[in-house]
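Now for the letters of each chain:
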Amino acid sequence: MRRLLRPLLASTALLALAACAPAPIYKVAPNAVAAVPFEVARAPERYANGSVIWGGRVVSVNNLADRSEIEVLAYPLDSSQRPKVGDTGNGRFIAVMHGFVEPMAYPNGALITVTGKLNGSRAGKVGEADYVFPLVTVDQAHAWTAEEMQAGRNNVHFGVGVGVGIH
């Protein structure tokens, strides 16, 4: 009986932990591009009109007469499509949104996830370095709150010694 009970309890615990993670917020399109921004920047014509779900950290917001452009430092996304900021960056891209975007809704440093279509690229600069930015015409965008970034994260830690956690 014990041999059956242990695997059952372990399986139940793993399922309970997995159930805590939020579901992805966007549906992946059938023509989704598997490449990351720095790969697209190397050959933008290869990925023209492909759908993407990319995310990262807002670098800047530039409001123009008919659109707004958000420069984003891209990071890989987790299973809930949240940017994994502890990971290495995947390059930069410009999220192009129709109309005016309130810069306070997307402040510098905010974490966002966007879905949209690749629409070419633009040469620009990062500091003094030349850079090619893939352009994403945004269909949907989500700015992540601190609470959303922590939702479903494992707060169980193992170690030797004494620890105190204050939230």
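Residues numbered from 1 in each chain as written. Predicted model: local features only at pLDDT ≥ 70, side-chain atom pairs only at ≥ 80, totals over all residues. Heavy atoms only, no water.

Caption draft 1: Inspection of the overall build of the protein chain at higher detail. Per the secondary structure count, the protein chain includes three helices and five strands. Shown N-terminal to C-terminal, the secondary structure of the protein chain runs as helices and strands in the order α-α-β-β-β-β-β-α. Considering the protein chain as a whole, with its 167 residues, one finds that 33% of them fall into the buried category. If you take every contact in the protein chain between residues at least 6 apart in sequence, the share linking residues at least 24 apart comes to 62%. (Helix = DSSP H or I, 4+ residues; strand = E, 2+ residues; numbered from the N terminus. Buried < 20%, exposed > 50% of the residue type's maximum accessible area, 1.4 Å probe, protein only. Contact = heavy atoms within 4.5 Å.)

Caption draft 2: Fine view of the packing of aromatic side chains. All told, the structure shown has two aromatic pairs when counted by the stated rule. Here the aromatic rings of Tyr131 and Phe133 are separated by 4.9 Å at their centres, their planes lie at 55°, and the arrangement is tilted. According to the relative accessible area criterion, Tyr131 is partly exposed, its value standing at 24%. (Phe/Tyr/Trp six-rings, centres within 6.5 Å; stacked < 30°, edge-to-face > 60°.)

Caption draft 3: Spotlight on the pattern of salt bridges. Evaluation of the coordinates by the stated rule reveals six salt bridges. Among the ionic pairs, Glu71 bridges to Arg92, the shortest N-O distance being 2.6 Å. Here Glu71, found in strand E2 (residues 67–75), pairs with Arg92, found in strand E3 (residues 92–98); they are 21 residues apart in sequence, far enough to count as distant. What emerges from the salt-bridge pattern is a single network uniting Asp66, Arg67, Glu69 and Arg122. (Salt bridge = Lys/Arg side-chain N within 4 Å of Asp/Glu carboxyl O.)

Caption draft 4: Up close: the confidence of the model for the protein chain. Looking at the protein chain as a whole, the pLDDT averages 85, with 77% of positions reaching at least 70. The secondary structure element of the protein chain with the lowest average pLDDT is helix H1 (residues 2–19), at 50, and the one with the highest is E2, at 98. A low-confidence stretch, residues 12–19 (pLDDT under 50), is modelled with zero contacts involving residues beyond four sequence positions or located in other chains. (pLDDT = per-residue confidence, 0-100.)

Caption draft 5: Quick peek at the pairing of E3. E3 sits mainly inside the fold: six of its seven residues count as buried. Bridge count between E3 and strand E5 (residues 129–143): three bridges; the pairing is parallel. Residue pairing in the sheet places Ala95 in a bridge with Val136 of E5. (Pairing = 2+ DSSP bridges.)

Caption draft 6: Highlighting the environment of Phe38. Among the structural elements, Phe38 can be located in helix H2 (residues 37–42). With a relative accessible area of 32%, Phe38 lands in the partly exposed category. Along the sequence, Phe38 and Gly89 sit 51 residues apart, while their C-alpha atoms lie 9.3 Å from each other.

Caption draft 7: Focus on unusual backbone geometry. The phi dihedral of Asn49 is positive, around 65°, even though this residue is not glycine. Look at Gln81: it is not a glycine, yet its phi comes out positive at around 70°.

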